[in-house]
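So the chains spell out like this:
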Amino acid sequence: MTATPLRILTVLPLYGGSLPIGRYCTRALRSLGHTVECFEAPEFHGAFRALKEQRIAADRMVALENSFLQLVAQTILAKVEHFEPDLVLALAQAPLSRQALQRLRRDKVTTAMWFVEDYQVFPYWKAFARLYDAFAVIQKEPFFGLLEELDQRNAIYLPLAADPDIHCPRKLSAVEQRRYGSDLSFLGAGYPNRLAAFRQFLSQDFKIWGNDWPSHGPLTPLLQRPGERISPEEAVKVFNAAKINLNLHSSVKAEPLIPDGDFVNPRTFELASCKAFQLVDRRGLLADLFMDDEVAVFEDMEGLHDAIRHYLAHPEERQAMSRRARERVLHEHTYQHRMTTLLTFLRERLGLGQEQKQIPAQGPSALANAQGPGDLDPDQRQSPLDELSPDLRAQVDGLLRDLNLRPSVGFDDLIWAIRQRQGTLSELETALLFLDAWRKQYLGER
Amino acid sequence: MSAHLVIQLARFGDLIQTKRLVRGLQTDPNREVHLVVDTGLVQLAMLLYPGVIVHGLPVHASRAEPDSIVRACATLVAAWKAADVTRVYNLNLSAYNHALAGLFAPEQVAGYQWNQGQLVRGRWPEMVFRLSTHRLTNPLNLMDYWGFFLDLPLPPSLVNPPAVAKGGGLGVVLAGRHARRTLPVPILARIIQATAARSTGRIHLLGTMAERGAARALRPLLPAAIQGRLNDLTGRTDWNGLAEVVQDLDLLLTPDTGTMHLAAHLGTPVMAFFLSSAWAFETGPYGEGHLIWQSVEPCVPCLEAVSCSRAVACATSFAHKAVLVRLARETLPNGPALPVPLEGLCLLGTHLDDFGQDLRPLAGELPERDARLAHRELLRSHRLRTTPRRVRLEQAAATALYHETDWMIDMP
C-alpha cells in the first residue's frame, strides 16, 4: 500500500462553528502522515473586533475592515510562499480574499474549500465558489447543479464527521454526573424552531446548554449557564451524562418545528462517537450515514414524545444503539475518513501530489524499501537523514515517532514540524535545524 | 410579552414605508410594539398603526428648547427601560438614531448599532448601502428594505390592500417636500385636464399651507368646467382629514410624496410622476395596481443636493402628447399600445411577489434592466433563504454585493 504525503496548509476561520471542524481536519491530516501547517486566523479576531470600537465614521470602518481582511489574506499568501504547500484547505469563512484566491490560482497552488454551511442560509458562496479549485459541501442536489452553473465543476459531497479521540465515551465523576446529567439534554444555539419545540418539555428533567437562548422566557429555568459557549471538551461531558440527547436540527423559521432539511449536523456524529444516545430528527441525507438501529430518529413532535417515553424506560436499547452508532463512526465517519476521501478526490480530479513520487506508507525508511539507488528520485537520494550514522538515525526515528511523522518523511517536512514545536528544543532538534541552515547556505536548498 | 422598539425618525412617507416592518412585528401577539417618531408625526403614526405604542421626539422641531428636548428624551428613555425593550429596529442613518442606539447592546439592535461609541451598520443595511451606490440597478423598495429587518417579514400581499377606485373623484398633490421632484404647475394643469375626463367627481387639491400659492396659480390654467370641480384643501386638512379624503378617491395624481404612500396604504389607486432624484424602484407606491410615470433621462435619478445644469429638463417629458393621450384614454395596466412612442419616460405598473414589490414596464424602455433583475434575484434568494432561481444571473450581482467581510465574518 502506498500513499503520497503532502504539504497542506489548513486555513481556519476567524471564529464560528467551522473553527473546531478546521482543527479536527488539521489533526486528521497530521495523523494521516501529511505535513500540515495551520493558519490560526482566530488570533487575528481580537484585532478585527477592535476595529468596531474605534468611534470613527462608519464608511471608514467598513474600509478598514476590508483592508484588515486583505492583510490577513496577505499573511496567508506569505505563509504559502514560505511553506510551499501542495494544498491549501480552507474551512467555511476562512479569510482568503478573492484577490488571494486568484493569486493562488496563478501560482498553481491547489485550493479546496470545505463549505460546512447550509447553502440557503449562507448565500455568499455565489461570489466565491468558482475561485476555489474544489468545493466540498455537506449537501447534494440542487446545490451541485448550482455550483456547476457557476463553473465550479469540482464539487464533492463530504458530510460532517467526528474526531474519536475527542468525541469519545467518558467516565464521569459523581460530581460531574450531577452537574451535567439529566434525562433530556440539548446542546446548541437557540434557533426559533428549537425555542418553540422545547416548550413542550418544560415538565421533564431537561437541561439546555449553549448560547443564543433568550434570557427571559419559558425555557429560562432549563438553561444551564445561559449565554456561555460550551467548549468541545465540556460538550463531551454533557453528551455522556445525559440519558437522552435531543438533536433537533436548527431552522431560522419557527415553523415547522422539525425542519425539512437535508444535511446532517456535526452533533449527530459527535454524539454517536461519544457512544451517547441521541434522538435525531429525520434528515434527507441521514439514511446514507446511519441506520435506524444506530440512531433513533423522529419525524414529528408526537413521535419525539413517544420516543422519549420509550427510551427512558429502556436503557438497554439506548446502550445497544449508541454502541452501534460509535462503531459506525469509527468505521466510516471520522475526520480521517473525510480527509482521505477529499484527498483522493483531489488526486483524481486535479492530480494533486502527482509531482511527488509515491513512497512507502509503512517501513523504516524509503531507502530500506528501495530496490536500489536507481529506484529513488534525486530528492530522496539526497535526504540528509539517509546519510546519518545508525545511532543518530535511531534518535531521529525516535523524534519522528514523537512528532507523529512517518519514517519516510522528507527532511524539509521534518524541519517544518520541528519549527512548530512549542517550548525549547532538544539537542537533536537544534542540530537538525542547524543542518537545515547549513544546507540552505551551502547547497542552495530552500 | 416582549417589547420591540422601532426607531423611525424620518418623514411622513418614511413612516408609512415602515408598515411592512411594524405590521410584521404585530403578527406575534406576544410582542408589544413601540414606535418612536418625530413629534409632528405622532398623530399620523397612531392613525396608521393601531395597537402600537407611539412615542414622539422633537427631531424636526427646529425651534425646540434644549431643556424640552432633554426632558422629552429622558422621559422616553425611562419609558423604554420600564418596558424592558428586548429588540430594537434602528432604521435611519442619523446622529439621533446613533445616540438612541447607545441605549442598547449591539446584538439587540437590527440596523444601525452603537458599539463602544462606534456607529456600525448591520449586515443588511450594509448590503443595501452597497446596492444604493448605483441607484439605477437598485430594485429594492424602501418598504421591503425595512420589512426585511425581520428575519420573517410580513408577506408583501398583507402590507397594503390592492388599489381600487372608490368613487370620490380625483386627488392632486401639488408638491413634494423636494421642489425638484414636483411637476411645474403648467405641466400639472395639462395632466389634470387629460385625466379629468376619467372621473366626474370633484378634484381635490392637496398640500400644506406652502402649496396654497400653487393651487391659486393652477386654477386659471384649467378650463372653466374643471375649475368648477376643484376643491382646494391645501393647508386645510390635519392627518385625519387628509386620510378621509384620500381614502375615497378614484385616483391620486402625485409626485413622490408622503400622501402617495398614504393612498397606497389605504388601497387608493395612485398615478405617480417620478422625476429628478425620485426613483420608482426605491420609493414607488407599494401594492398591487398603481401606476408610475418614471423619467428615464440619462441623468435620472440625480442627487437633490447637486444643482441641476439642465433646468430640470426631465419635467418637460410629462407634458408630451404620448403621456397625455395615455392619461386620457387608459390608466389601467393592460390598456392598448401607445399611439406615440414615449421619449425620456417609462410607464410602470406595481406588482408583488414573495419577495416584495416589483415594477413592470407597460410602455417605454427602462435602463439597466438586466442588472436590476440580477440584483433582485440575488436579494430574493438571500433574504428568503431559498434556492436561487437563476444562479448564473445572480453571480455578477453577488460579486458586487458580497464582500469579504460577509464571506468571512457573517454568522449564518
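Residues numbered from 1 in each chain as written. Chains lettered and ligands numbered in written order. Predicted model: local features only at pLDDT ≥ 70, side-chain atom pairs only at ≥ 80, totals over all residues. Heavy atoms only, no water.

Caption draft 1: Expanded view of the nonpolar core. Grouped together as the largest cluster of nonpolar side chains are 161 residues, with contacts concentrated most on Leu96, Trp114, Phe115, Trp125 and Phe135 of chain A together with Trp407 of chain B. At 9 residues, helix α3 (residues 58-83) of chain A tops the list of elements feeding residues into this core. In this structure, Leu251, Val323, Leu342 and Leu347 of chain B belong to the second largest nonpolar core, which totals 38 residues. (Core = buried A, V, L, I, M, F, W, Y, C linked by side-chain atoms within 4.5 Å. Buried < 20%, exposed > 50% of the residue type's maximum accessible area, 1.4 Å probe, protein only. Helix = DSSP H or I, 4+ residues; strand = E, 2+ residues; numbered from the N terminus.)

Caption draft 2: Quick peek at the packing of helix α6 (residues 123-131) of chain B against helix α15 (residues 369-384) of chain B. All names here are of chain B. Orientation of α6 relative to α15, taken along the N-to-C sense of each, is 175 degrees, at an axis distance of 13 Å. Comparing their axes, α15 and α6 come out roughly antiparallel. On the side of α6, the interface is formed by Trp124, Met127 and Leu131, while α15 contributes His375, Leu379, His382 and Arg383. Looking at the contact of α6 with α15 residue by residue, the class counts come to 4 nonpolar, 2 polar and 1 charged. (Axes fitted to C-alpha atoms, helices over the stretch in contact; angles between N-to-C directions. Parallel < 35°, antiparallel > 145°, perpendicular 65-115°, else oblique. Contact = heavy atoms within 4.5 Å. Nonpolar A, V, L, I, M, F, W, Y, C, P; charged D, E, K, R; others polar.)

Caption draft 3: Focus on the domain arrangement of chain B. Residue and element names in this part refer to chain B. As assigned here, chain B comprises domain 1 (2-121), domain 2 (122-146 + 369-412) and domain 3 (170-363). Computed over C-alpha atoms, the centres of domain 1 and domain 2 are 26 Å apart. Across the boundary between the two partners, domain 1 contributes 15 residues, which contact 11 residues of domain 2. Both sides of the domain 1 and domain 2 interface together cover about 1100 Å² of buried area, and 55% of this is carbon and sulfur. Of all residues in domain 1, the largest losses of buried area upon contact with domain 2 belong to Gln17, Arg20 and Arg121, amounting jointly to 59% of the total for that side. Between domain 1 and domain 2 we count 2 salt bridges in total. With a closest N to O distance of 2.6 Å, Arg20 and Asp144 form a salt bridge. Here domain 1 is connected to domain 2 by 5 residue pairs in polar contact (both at pLDDT 80 or more). (Domains from an automatic or database assignment. Buried area = accessible area lost by both parts, 1.4 Å probe. Salt bridge = Lys/Arg side-chain N within 4 Å of Asp/Glu carboxyl O. Polar contact = N/O pair within 3.5 Å; in protein donor to acceptor, adjacent residues only side chain to side chain.)

Caption draft 4: Quick look at the interface of chain A and chain B. Counting from both sides, the interface comprises 52 residues of chain A and, opposite them, 38 residues of chain B. Notably, a salt bridge pairs Lys126 of chain A with Glu394 of chain B, separated by 2.9 Å at the nearest N-O pair. Viewed at the interface, chain B and chain A are joined by 12 residue pairs in polar contact (both at pLDDT 80 or more). Among the elements that take part in the side of chain A that touches chain B, α3 of chain A stands out by supplying 8 residues, more than any other. In terms of residue class, the side of chain A that touches chain B is built from 31 nonpolar, 8 polar and 13 charged.

Caption draft 5: How the structure looks around the pattern of salt bridges. Overall, the coordinates contain 41 salt bridges over all chains when judged by the stated rule. Residues Arg328 of chain A and Glu332 of chain A are paired through a salt bridge, measuring 3.1 Å at the closest nitrogen-oxygen approach. Taken together, the residues span about one helical turn, with Arg328 of chain A and Glu332 of chain A both in helix α12 (residues 315-332) at a distance of 4 residues. Via salt bridges that share partners, Asp59 of chain A together with Arg121, Arg123, Glu126, Arg130 and Asp406 of chain B belong to a single interconnected network.

Caption draft 6: Layout of the packing of helix α11 (residues 301-313) of chain A against α12 of chain A. All names here are of chain A. Running from N to C, α11 and α12 point in directions that differ by 100 degrees, and their axes come no closer than 5 Å. Accordingly, the angle class assigned to the pair α11 and α12 is roughly perpendicular. Touching His310, Tyr311, Leu312 and Ala313 of α11 are Pro315, Glu317, Arg318 and Met321, all from α12. When grouped by side-chain class, the residues that make up the contact of α11 with α12 number 5 nonpolar, 1 polar and 2 charged.

Caption draft 7: View of helix α16 (residues 390-402) of chain A. Residues and elements named next belong to chain A. The first and last C-alpha atoms of α16 sit 18 Å apart over 13 residues, in line with the 18 Å expected at 1.5 Å per residue. What α16 keeps buried is the set Arg393, Val396, Asp397, Leu399 and Leu400. Angular distribution of buried residues about the axis of α16 spans 160 degrees; they occupy a single face of the element. Exposed residues lying more than 90 degrees from the buried face of α16 are Arg401 and Asp402. (Expected span 1.5 Å × (residues − 1). Arc of directions from axis to C-beta.)

Caption draft 8: Broad picture of the sheet that holds strand β5 (residues 109-115) of chain B. All names here are of chain B. Sheet architecture is open: 6 strands sit in the order β3-β2-β1-β4-β5-β6, paired in mixed fashion. Whereas interior strands pair on both sides, the edge strands pair on one side only; in this sheet they are β3 (53-57) and β6 (118-121). The sheet shows a mean angle of 35 degrees between the axes of neighbouring strands, direction not considered. As defined by bridge partners, strand β4 (residues 85-90) adjoins β5 across 3 bridges and the pair is classed as parallel. Within β5, the position partnered with Asn90 by the bridge is Gly111. Here helix α4 (residues 66-83) sits on the sheet in contact with β1 (2-7), β2 (31-38), β3 and β4, set at roughly 155 degrees to β3. (Pairing = 2+ DSSP bridges.)

Caption draft 9: Representation of the pairing of β1 of chain B. Residues and elements named next belong to chain B. Counting buried positions along β1 gives 5 out of 6 residues, so the element sits mostly inside the fold. Here β1 runs beside β2; their pairing, made up of 6 bridges, is parallel. Within β2, the residue paired with Ile7 across the bridge is Val36.

Caption draft 10: Looking closely at the pairing of strand β11 (residues 278-281) of chain A. Residue and element names in this part refer to chain A. Both faces of β11 are covered, namely the face carrying Gln278 and Val280 and the face carrying Leu279 and Asp281. Sheet topology places strand β10 (residues 242-247) next to β11; 3 bridges connect them, and they run parallel. Within β11, the position partnered with Leu246 by the bridge is Leu279. This β-α-β element, β10 to helix α10 (residues 266-273) to β11, shows right-handed connectivity. (Right-handed = clockwise from strand over helix to strand, strands pointing away.)

Caption draft 11: Region of interest: the side chain of Asn115 of chain B. Secondary-structure assignment places Asn115 of chain B in strand β5. Taking the relative accessible area as the measure of exposure, Asn115 of chain B reaches 14% and is therefore buried. Side-chain polar atoms of Asn115 of chain B contact the backbone oxygen of Lys52 of chain A, separated by 2.8 Å. Sequence-distant contacts of Asn115 of chain B, that is, excluding residues within four places in its chain, are made with Lys52 and Glu53 of chain A together with Pro106 and Val120 of chain B.

Caption draft 12: Highlighting the environment of Val59 of chain B. Residue and element names in this part refer to chain B. Mapping Val59 onto the fold places it in the loop between β3 and α4. Since its relative accessible area comes to 8%, Val59 is described here as buried. Setting aside residues up to four positions removed in sequence, Val59 forms contacts with Leu9, Asp38 and Tyr96.

Caption draft 13: View of the packing of aromatic side chains. The full count for this structure, using the stated rule, is 34 aromatic pairs over all chains. With 6.1 Å between their ring centres and 65 degrees between their planes, Trp124 of chain B and Phe148 of chain B make a pair best called edge-to-face. Separated by 24 residues along the polypeptide, Trp124 of chain B in helix α6 and Phe148 of chain B in the loop between α7 (142-147) and β7 (170-173) bring together distant segments of the chain. By the burial criterion, Trp124 of chain B is buried, and Phe148 of chain B matches it. Following the ring pairs from residue to residue traces out a cluster consisting of Phe115, Tyr119, Phe122, Tyr124, Trp125, Phe128, Tyr132, Phe135 and Phe143 of chain A together with Tyr402 and Trp407 of chain B. Looking at Arg372 of chain B, its charged tip hangs above the ring of Phe281 of chain B, at a distance of 4.4 Å from the centre. For Arg383 of chain B, the ring lying beneath its charged end belongs to Trp124 of chain B, and the centroid distance is 4.6 Å. (Phe/Tyr/Trp six-rings, centres within 6.5 Å; stacked < 30°, edge-to-face > 60°. Lys NZ or Arg CZ within 6 Å of the ring centre and 35° of its normal.)

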